[in-house]
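Listed below, chain by chain, are the residues.
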Amino acid sequence: MSVGRTGDGAQIIRIGIIAHLKYAIREPFPGGLEMHTHLLASSLRKRGHHVTVFASTRSDEMLGLEAICDETSLLDTGTAEAADVPFFREHHAYLDLMTSLRTRSFDVIHNNSLHYLPVSMASTLNTPMVTTLHTPPFCWLESGVRLCRAPNMRFVAVSDTIRQLWSHITTIDRTVANGIDLDSFPFNSTADSDDYLIWYGRIVPEKGLHLAIDAARMVGWPLKIAGPISDSAYFAEEIEPRLGADAIYMGHLEHRALGRLIGGARAFLCTPRWEEPYGLVVAEALACGTPVAAFARGAIPALVDASCGALAAPDDVAALADAARRAMKLDRLSCRRRAEAICDADAMIDAYEALYAEMVEPVTAAFLPPIAQATMAGAA
């Protein structure tokens, strides 16, 4: 039930956010999911809502953190009883959390994890829950969604692409597109004088960095690279041998430094090798005024139009190089305007606030005396 009103008269809502546990929810962000969770929680808190984030240790305490598990990426694996210790750590952390939530006072639980237990156990809670689907279906999460029988569960997709991929499995309430803090990615009207292209993101096979390096060499421009090395074998086998004076790894950067690097580039090369669920890196590049050359996969074509970038056939290095040449000629202000139109975090938070309010009101009414419920029904 509601605990008051924000400064602008909106309903204050008590929100529990379930994060995933592989990485800490803090800068520098390992990927888009961590950044999204941090932005969601911090923005809701700024609007006056009471937010608690259930995440791994070392996450940002300013989010209203309750740590429920060590970061599972930091744990050793391989025992005689279990081949995947992080799996069991996550399983028991989420099991304990869902059990404890039965007696906690939240108006809404927002499940932002990729784990099967929060959705499969949602029916054990009286509190309504919304689950944001950030990825295409995969076996563990899909199994949890199929087991979900909670009448007070809503599913939200981050893009129409994700909505379509999940629609045969469950009912998707709506699409709420991811957003970014535009102020964290300031507009740069001109590229740096030392002309370069940029690629950034998690360095894993499905992000296709090796193809970006090859394409940049075809263009004849240096490529600067930023992001966490999330797959050391891939980096050693495919990326490190390609590095040189024209392909430079800059490290895993904080937001401010990353924004400067993106804004100075002539174009951003986006090379997903899977059906990209949304493409926060594309939104960030556009906010900085940097045109995008990208493989046309997943939700990317919905973000990149002719005003801000150029698309290439997936996995086609020559086509990506051609797209980069075309993208570099585009107007940088048009890129920023595209980001402002479709990627503003305020619109995302507005949408979630509206959804929370829809979910809270029926629950609030359920706790009223029968005569009050009848009065509300008659007024409707």
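Residues numbered from 1 in each chain as written. Predicted model: local features only at pLDDT ≥ 70, side-chain atom pairs only at ≥ 80, totals over all residues. Heavy atoms only, no water.

When helices and strands are counted, the protein shows 14 helices and 13 strands. Burial status across the protein gives 53% buried among its 380 residues. Of the contacts made within the protein by residues no fewer than 6 positions apart, 67% connect residues no fewer than 24 positions apart. (Helix = DSSP H or I, 4+ residues; strand = E, 2+ residues; numbered from the N terminus. Buried < 20%, exposed > 50% of the residue type's maximum accessible area, 1.4 Å probe, protein only. Contact = heavy atoms within 4.5 Å.)

Turning our attention to the pattern of salt bridges. With the rule as written, the count across this model stands at 23 salt bridges. For R266, the salt bridge is made with D195, and the minimal N-O distance between the two is 3.7 Å. Of this pair, R266 sits in the loop between α8 (255–263) and β11 (267–270) while D195 sits in the loop between β7 (174–175) and β8 (197–200), and the two are 71 residues apart along the sequence. Accessibility expressed as a relative area gives 34% for D195, which makes it partly exposed. Ionic pairing is found between K207 and E276, a salt bridge with its closest N-O pair at 3.3 Å. Of the two residues, K207 sits in the loop between β8 and α6 (209–219) while E276 sits in the loop between β11 and α9 (280–287), which places them 69 residues apart along the sequence. (Salt bridge = Lys/Arg side-chain N within 4 Å of Asp/Glu carboxyl O.)

All right, on to the confidence of the model for the protein then. With 89% of its residues at a pLDDT of 70 or more, the protein has an overall mean of 90. Per-residue pLDDT stays below 50 along residues 75–82; that stretch engages in 13 contacts with residues further than four places along the chain or on separate chains. Contacts from residues 364–380, a stretch scored under 50 in pLDDT, to residues over four places away or in other chains number seven contacts. (pLDDT = per-residue confidence, 0-100.)

Strand order in the open sheet formed by six strands is β10-β9-β8-β11-β12-β13, and the pairing between neighbours is parallel. In this open sheet, the two strands that pair with only one neighbour each are β10 (247–249) and β13 (309–312). Direction aside, neighbouring strands of the sheet carry axes that sit 20 degrees apart on average. Across four bridges, strand β12 (residues 292–295) lies against β13 in parallel orientation. Bridged to F295 within β13 is A312. Across the face of the sheet, α6 comes into contact with β8, β9 (223–226), β10, β11 and β12 while running at roughly 160 degrees to β9. (Pairing = 2+ DSSP bridges. Axes fitted to C-alpha atoms, helices over the stretch in contact; angles between N-to-C directions.)

Turning our attention to the sheet that holds strand β3 (residues 65–69). Pairing within the open sheet is parallel, and its seven strands lie in the order β3-β2-β1-β4-β5-β6-β7. Of all strands in the sheet, those bounded by a partner on one side alone are β3 and β7. Taken strand by strand, helix α1 (residues 32–46) contacts β1 (14–18), β2 (50–56) and β4 (108–111), and its axis lies near 170 degrees from that of β1.

Once that is clear, we can look at the environment of R149. Structurally, R149 is set in the loop between α4 (139–147) and β6 (153–157). Given the relative accessible area of 60%, R149 is considered exposed. Separated by 27 residues in the primary sequence, R149 and A122 have C-alpha atoms spaced 7.6 Å apart. A polar side-chain atom of R149 sits 2.6 Å from the main-chain carbonyl oxygen of R146. (Polar contact = N/O pair within 3.5 Å; in protein donor to acceptor, adjacent residues only side chain to side chain.)

Within the span of α8, buried status applies to H255, L258, G259, L261, I262 and G263. Structurally, α8 contributes buried residues whose contacts are with α1, β8, β9, α9 and α12 (332–342).

Here helix α2 (residues 85–100) is 16 residues long and its end C-alpha atoms lie 23 Å apart, about the 22 Å a rise of 1.5 Å per residue gives. Those residues of α2 lying buried are V85, P86, E90, A93, Y94, L97 and M98. In this fold, the buried residues of α2 make contact with β1, β2, β3, α3 (116–120) and β5 (129–133). (Expected span 1.5 Å × (residues − 1).)

In this section: the packing of α6 against helix α7 (residues 232–239). Where α6 meets α7, the axes come as close as 10 Å, and the angle between the chain directions of the two elements is 25 degrees. Taken together, α6 and α7 sit at an angle that is classed as roughly parallel. Regarding α6 and α7, the two cross each other, and that crossing is right-handed. Along its contact with α6, which presents L209, H210 and I213, the element α7 presents Y234, E238 and I239. Each residue belonging to the contact of α6 with α7 can be placed in one class, and the counts come to four nonpolar, one polar and one charged. (Parallel < 35°, antiparallel > 145°, perpendicular 65-115°, else oblique. Left-handed = near helix turned anticlockwise from the far one by under 90°. Nonpolar A, V, L, I, M, F, W, Y, C, P; charged D, E, K, R; others polar.)

What follows concerns the pairing of β12. Burial along β12 is two-sided: V292 and A294 and A293 and F295, pointing in opposite directions, are all buried. Where the polypeptide runs from β11 across α9 and back to β12, its parallel neighbour, the crossover connection is right-handed. (Right-handed = clockwise from strand over helix to strand, strands pointing away.)

With that out of the way, let us pick up unusual backbone geometry. The step from E27 to P28 runs through a cis peptide bond, and the omega angle for that step is -10 degrees. Located in the positive-phi region is D315, a residue other than glycine, with phi close to 70 degrees. Note on placement: D315 falls in the loop between β13 and α11 (317–327).

Scanning the entire structure with this criterion turns up eight aromatic pairs. Aromatic pair F87 and F88: ring centres 5.3 Å apart, planes at 85 degrees, arrangement edge-to-face. Among the residues examined, F87 registers a relative accessible area of 25% and is labelled partly exposed. (Phe/Tyr/Trp six-rings, centres within 6.5 Å; stacked < 30°, edge-to-face > 60°.)

Moving on: the side chain of T37. With respect to the helices and strands, T37 occurs in helix α1. Of the polar contacts made by the side chain of T37, one reaches the side chain of N112; its length is 2.7 Å. Leaving out residues up to four positions away in the same chain, T37 has contacts with I17, A19, I25 and N112.

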